[in-house]
Amino acid sequence: MPARFASIGVVGAGAWGTALANAAARAGREVVLWGRDAALMETLAQRRANPAHLPGVALADSVRPTDDLAAAAATDAVLLVVPAQASRAVATALAPHLAPGTPVVTCAKGIERGTSLFMTQVLGEACPRAVPAILSGPSFAADVAAGLPTAVTLAARDGAVAEALAAALGSASFRLYHSEDVRGVEIGGAAKNVLAIAAGIVGGRKLGASAGAALIARGFAELMRFGKAYGARAETLTGLSGLGDLILTCSTAQSRNYALGLSLGQEEGLHPPGKLAEGALTASVLVAMAQARGVDMPIARAVEDVLAGRHGIEQAIGSLLARPQKAEA
């Protein structure tokens with residue numbers, strides 16, 4: 001089965017798409033990297049680099065940049081590497097070019113606003129002839145592009161497909177664990193982004209390492225409650241795409257979501273220039289979905305209150321600290 005995935009299309013030529021294109025090339029695949037900006041793709045083809053998104057990283061020889069979406073779709077499997085809220089539009093444009101049964105692996109970490117659908121559900125609607133899958137885990141684009149050791153999870157409902165895709169994309173420096181728990185992988189990626197904003201606020205307010213550790217631990221408890229309510233497996237949430245990604249994203253300003261929280265905590269504004277923090281767009285739908293199933297997520301709700309302008313930072317922190325004492329379970 002791995003021979004089916006000799007060629008990989010990567011749809012999205014930002015930092016993460018470029019990094020995954022390099023990773024797939026490193027695994028021995030022929031890669032077609034698509035971006036909608038014809039000028040950018042011409043620059044990539046000529047300079048073999050993406051300085052706007054990944055400065056200092058050379059594009060692998062077996063990566064072919066193009067602005068022809070049909071060319072990216074005419075591969076054995078496609079990685080959809082665009083922001084969560086743009087996934088439906090790009091997947092809809094991709095769908096007519098796909099052969100039936102082609103795996104499409106979403107690499108976005110979010111929940112669609114307006115529909116409350118997870119990313120593979122969006123794929124199911126937008127690309128009904130494709131086989132939806134998801135790749136997620138603790139990974140920074142610069143690390144993956146440079147070939148630094150990284151491990152992530154790839155999930156599909158068909159375990160054989162997930163295993164074959166993981167084998168096709170994996171290498172000595174990019175280790176993929178395969179899973180059939182699509183929902184668990186989706187939930188870990190979406191929820192941790194919101195919680196990372198809270199961790200950044202703690203850092204920006206200089207509340208100390210102890211508060212940061214407490215925030216991560218209690219945030220993980222929220223992620224687990226939400227995951228259980230929506231059918232995720234506990235072992236997935238405690239694995240790479242859940243706890244692993246939460247730890248990474250809550251630990252450094254290299255994370256866009258942490259950087260956003262840091263900016264908020266330092267009262268420097270809502271959006272760091274040129275950076276998309278998926279958690280800012282996921283917070284409201286995550287909290288609404290939690291409320292719909294009676295899941296208590298006070299940290300996520302505090303983040304959403306701050307982002308919506310209902311609470312200031314001090315009020316949000318105060319509301320969390322004033323919560324009644326209770327047993328940890």
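Whatever comes next refers back to the structure up there.
As the structure is a computational prediction, the values presented were derived from the model and not from experiment. (Residues numbered from 1 in each chain as written. Predicted model: local features only at pLDDT ≥ 70, side-chain atom pairs only at ≥ 80, totals over all residues. Heavy atoms only, no water.)

Undergrad: Any details on the pairing of strand E7 (residues 103-106)? Residues and values, ideally.
TA: Residues Pro-103 and Val-105 of E7 are buried on one face, and the alternating residues Val-104 and Thr-106, pointing to the opposite face, are buried as well. With three bridges connecting them, strand E6 (residues 77-80) and E7 associate as parallel partners. Its bridge partner lying in E7, Leu-79 is registered against Val-105. In this region the chain leaves E6, passes through helix H4 (residues 87-94) and returns to the parallel neighbour E7; the handedness of that crossover is right-handed. Pairing analysis gives four bridges linking E7 to strand E10 (residues 131-136), with the strands arranged parallel. (Buried < 20%, exposed > 50% of the residue type's maximum accessible area, 1.4 Å probe, protein only. Helix = DSSP H or I, 4+ residues; strand = E, 2+ residues; numbered from the N terminus. Pairing = 2+ DSSP bridges. Right-handed = clockwise from strand over helix to strand, strands pointing away.)

Undergrad: Tell me about a negative patch on the surface, and please be specific about residues and values.
TA: On the surface, a cluster of negative charge is contributed by Asp-37, Glu-42, Asp-67 and Asp-68. Positionally, Asp-68 belongs in the loop between strand E5 (63-66) and helix H3 (69-73). Taking the relative accessible area as the measure of exposure, Asp-68 reaches 38% and is therefore partly exposed. (Patch = residues over 30% accessible without salt bridge, like charges linked within 9 Å, V, L, I, M, F, W, Y side chains within 5 Å. Areas by Shrake-Rupley, 256 points an atom, 1.4 Å probe, with all protein chains shown as cover. Salt bridge = Lys/Arg side-chain N within 4 Å of Asp/Glu carboxyl O. Lys, Arg positive; Asp, Glu negative; His and termini not counted. Charge placed at Lys NZ, Arg CZ, Asp CG, Glu CD.)

Undergrad: Can you break down the side chain of Ser-179 residue by residue, with the values?
TA: Relative to the helices and strands, Ser-179 resides in strand E12 (residues 174-179). At 2.9 Å, the side chain of Ser-179 forms a polar contact with the backbone nitrogen of Asp-181. If we ignore the near neighbours within four places in the chain, the residues touching Ser-179 are Thr-153, Leu-154, Ala-155, Ala-156, Ala-162 and Thr-236. (Polar contact = N/O pair within 3.5 Å; in protein donor to acceptor, adjacent residues only side chain to side chain. Contact = heavy atoms within 4.5 Å.)

Undergrad: Account for unusual backbone geometry, naming residues and giving values.
TA: Not every positive phi belongs to a glycine, and Arg-48 is a case in point at roughly 55 degrees. Counting through the fold element by element, Arg-48 comes out in the loop between helix H2 (38-47) and strand E3 (49-50). The partly exposed category is assigned to Arg-48, whose relative accessible area is 23%. In this model, Ser-116 sits at a positive phi of 60 degrees, which is unusual for a non-glycine residue. With respect to the helices and strands, Ser-116 occurs in the loop between strand E8 (111-112) and strand E9 (117-118).

Undergrad: I'd love a proper account of the packing of aromatic side chains, names of residues and values included.
TA: One pass over the full model with this rule turns up two aromatic pairs. A ring pair is formed by Phe-226 and Tyr-230, whose centres lie 4.7 Å apart and whose planes are at 25 degrees; its orientation type is stacked. Assessed through its relative accessible area of 0%, Phe-226 is described here as buried. Every member of this aromatic cluster is reached through a ring pair, and the members are Phe-118, Phe-226 and Tyr-230. (Phe/Tyr/Trp six-rings, centres within 6.5 Å; stacked < 30°, edge-to-face > 60°.)

Undergrad: Tell me what's going on with the sheet that holds E12, and back it up with residues and numbers.
TA: Ordered by their spatial adjacency, eight strands build an open sheet running E5-E2-E1-E6-E7-E10-E11-E12, and the pairing between neighbours is mixed. Looking at strand neighbours, the two that pair on one side only are E5 and E12, the edges of this open sheet. Averaged over all adjacent pairs, the angle separating strand axes in this sheet is 25 degrees, with direction ignored. Direction of pairing for strand E2 (residues 30-34) relative to E5: parallel, over a ladder of four bridges. If you follow Trp-34 over to E5, its bridge partner there is Thr-66. Running over the sheet, helix H7 (residues 159-169) touches strand E1 (7-11), E6, E7, E10, strand E11 (150-156) and E12 and is turned about 150 degrees from E11. (Axes fitted to C-alpha atoms, helices over the stretch in contact; angles between N-to-C directions.)

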